[in-house]
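Chain by chain, the residues:
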Amino acid sequence: LRPHMSKRAYAKRVARARAAIDAGDSYEVCLTTTFGAELDHVGDPLTWYEALRKQNPAPHAAYLKLDDVAVLCSSPERFLSIDAATKRVEARPFKGTAARYDDATQDLRSALTLQNCIKSNAENLMTA
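Just so it is clear, the structure is predicted and the values come from calculations on it, not from any experiment.

**Remarks on the pattern of salt bridges**
Evaluation of the coordinates by the stated rule reveals one salt bridge. Arg100 is the salt-bridge partner of Asp107, the closest N and O atoms lying 2.8 Å from each other.

**Some remarks on the packing of aromatic side chains**
All told, the structure shown has one aromatic pair when counted by the stated rule. For the ring pair Tyr49 and Tyr63, a centre distance of 5.5 Å and an interplane angle of 40 degrees mean the geometry is tilted. Of this pair, Tyr49 sits in helix H2 (residues 45–55) while Tyr63 is found in strand S3 (residues 62–65), placing the two residues 14 residues apart along the sequence.

**Details of unusual backbone geometry**
Notably, Lys87 is not glycine yet its phi reads approximately 55 degrees, a positive angle. Here Lys87 shows up in the loop between strand S5 (78–83) and strand S6 (88–92). Residue class for Lys87 comes out exposed when judged on its relative accessible area of 76%.

**What about helix H1 (residues 7–23)?**
In an α-helix there are 3.6 residues to a turn, and that puts residues three or four apart on one side. Between its first and last C-alpha atoms H1 spans 24 Å; for 17 residues at 1.5 Å apiece the expected length is 24 Å, and the two agree. In the stretch just after H1, Gly24 is the one whose phi turns positive, near 85 degrees.

**Looking at a nonpolar patch on the surface**
A cluster of nonpolar side chains, contributed by Leu64, Leu66, Val69 and Val71, occupies part of the molecular surface with about 320 Å² of accessible area. Counting through the fold element by element, Leu64 comes out in strand S3.

**A short note on the pairing of strand S4 (residues 70–73)**
When S3 meets S4, the two strands line up antiparallel, connected through four bridges. For Tyr63, the partnering residue across the bridge sits in S4 and is Leu72.

**As for the environment of Asp103**
You can see Asp103 is positioned in the loop between S6 and helix H3 (104–115). Residues Asp103 and Asn124, 21 residues apart in the sequence, show an inter-C-alpha distance of 25 Å.

**Digging into the environment of Ile118**
Looking at where Ile118 falls in the secondary structure, it is placed in helix H4 (residues 118–127). Distance in space between the C-alpha atoms of Ile118 and Ala37 is 38 Å, their sequence separation being 81 residues.

Procedures and definitions
- Residues numbered from 1 in each chain as written.
- Predicted model: local features only at pLDDT ≥ 70, side-chain atom pairs only at ≥ 80, totals over all residues.
- Heavy atoms only, no water.
- Salt bridge = Lys/Arg side-chain N within 4 Å of Asp/Glu carboxyl O.
- Phe/Tyr/Trp six-rings, centres within 6.5 Å; stacked < 30°, edge-to-face > 60°.
- Helix = DSSP H or I, 4+ residues; strand = E, 2+ residues; numbered from the N terminus.
- Buried < 20%, exposed > 50% of the residue type's maximum accessible area, 1.4 Å probe, protein only.
- Expected span 1.5 Å × (residues − 1).
- Patch = residues over 30% accessible without salt bridge, like charges linked within 9 Å, V, L, I, M, F, W, Y side chains within 5 Å.
- Areas by Shrake-Rupley, 256 points an atom, 1.4 Å probe, with all protein chains shown as cover.
- Pairing = 2+ DSSP bridges.

In short, the description is geometric, and any link to function would need to be established separately.
Structural data, given as structure tokens:
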């Protein structure tokens, strides 16, 4: 696996983020990078996925093999769940979200709790 950003480029982003925090332009920064590899000459993508699962047994990992591409995912957050039997699709991100309820009072309470949550507000501002 190779990062899609060099260490030097990432260090520059860290420096810019720290400068923004020091200047008061931001109070929270989430820096990430992605990694990738061409697997056609390296081996079976399923073998890579199994190794990834051993190294990082995230609760919501996924392996998707299409005709000429494979997607390997290792995440603590479930983005989508598809139940073919019930034809139900469910999204359950956990950052900056709250459960919805059929009961209007309970739903309003959940919304107000989310609205007043400093951590959730920070996450929503960060990803907006």
